[in-house]
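Listed below, chain by chain, are the residues.
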Amino acid sequence: MTWTDQAWQHIQPLYSNILAMPFIEQLKNGTLPLDKFQFYMQQDARYLEHYGRVLAYLGSKTGDNDQALDFFDFGKNALIVERALHESYFSQFGIHEDSDTADLEPICHHYVHFLKSTAAFDPLEVAMAAVLPCFVIYKEVGDYIIATQTNQANPYKNWIDTYSGPEFAIGVQKAENYVNAMAENTTEAIRAQMLEAYVKASRMEFKFWEAAYNKTAW
Ligand SMILES: Cc1ncc(CN)c(N)n1
């Protein structure tokens, strides 16, 4: 079994909890209150600015040029999605343009700085494992919503389409392949740290949606 399969299996209880969250259930049904989605979008735009930079930074740290190019692309894509949020969703959902300067709320702040410090101070394998749940969980949630939704007039359709399409899945698979190759070529001790980082980031994905649902501020 690959390292990513093992890691994914390891977080199944948490993933089941994610699917049962009111945020995800209501996003799927199209009944999520607008103010909760607005809060989420605003924080997510800020998150993506930082996440994109972390991915590009990890690309710059790898000695493998293919991996570097792919991580530069992943970083660029995160910023492209962030820009799309501004150009379409922000006006569609009535979110104020001053979101650029919106405070990072506690969970977003913690997640971003966890990724940045892991990228800066931990082994590259661990940092690559830390950024993976952001790919995998969104893909799985996107696919789950597409497979189970019944509301064809869901106002959040565009968001759902971003993460459920084949294009996103290709990137996720590439990122997983790199992490598997790195896991194979490292030590048991580093693999344990990789798993710890993967689990922490997955918990933060849960917390990010929970914070949006509760509109948690400082
Ligand atoms: C918090 C979070 N995690 C993951 C994704 C998907 N890249 C996102 N947009 N936002």
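Residues numbered from 1 in each chain as written. Predicted model: local features only at pLDDT ≥ 70, side-chain atom pairs only at ≥ 80, totals over all residues. Heavy atoms only, no water.

- If you check an unreviewed UniProt entry, the protein appears there as Aminopyrimidine aminohydrolase from Sphingobacterium yanglingense.
- Its UniProt record, at the heading Sequence similarities (unreviewed entry), says of the protein: "Belongs to the TenA family."
- One UniProt comment on the protein, placed under Function (unreviewed entry), says "Catalyzes an amino-pyrimidine hydrolysis reaction at the C5' of the pyrimidine moiety of thiamine compounds, a reaction that is part of a thiamine salvage pathway." (UniProt positions renumbered as here; feature names shortened; annotations may be inferred.)

### What to know about helix α2 (residues 12-19)
- Buried within α2 are the following residues: Leu14, Tyr15, Ile18 and Leu19. Relative to the axis of α2, the buried residues are bounded by an arc of 145° and lie together on one face.
- Buried-residue contacts for α2 involve α1 (3-10), α3 (22-29), α7 (124-148) and α10 (188-214). (Buried < 20%, exposed > 50% of the residue type's maximum accessible area, 1.4 Å probe, protein only. Helix = DSSP H or I, 4+ residues; strand = E, 2+ residues; numbered from the N terminus. Arc of directions from axis to C-beta. Contact = heavy atoms within 4.5 Å.)

### Examining the packing of aromatic side chains
- Tallying each qualifying case throughout the model produces 21 aromatic pairs.
- Judged by centre distance (5.1 Å) and plane angle (80°), the ring pair of Tyr163 and Phe168 falls under edge-to-face.
- Overall, the relative accessible area of 21% leaves Phe168 in the partly exposed class.
- Sitting above the plane of the Tyr213 ring, Lys36 keeps its charged end 4.3 Å from the centroid. (Phe/Tyr/Trp six-rings, centres within 6.5 Å; stacked < 30°, edge-to-face > 60°. Lys NZ or Arg CZ within 6 Å of the ring centre and 35° of its normal.)

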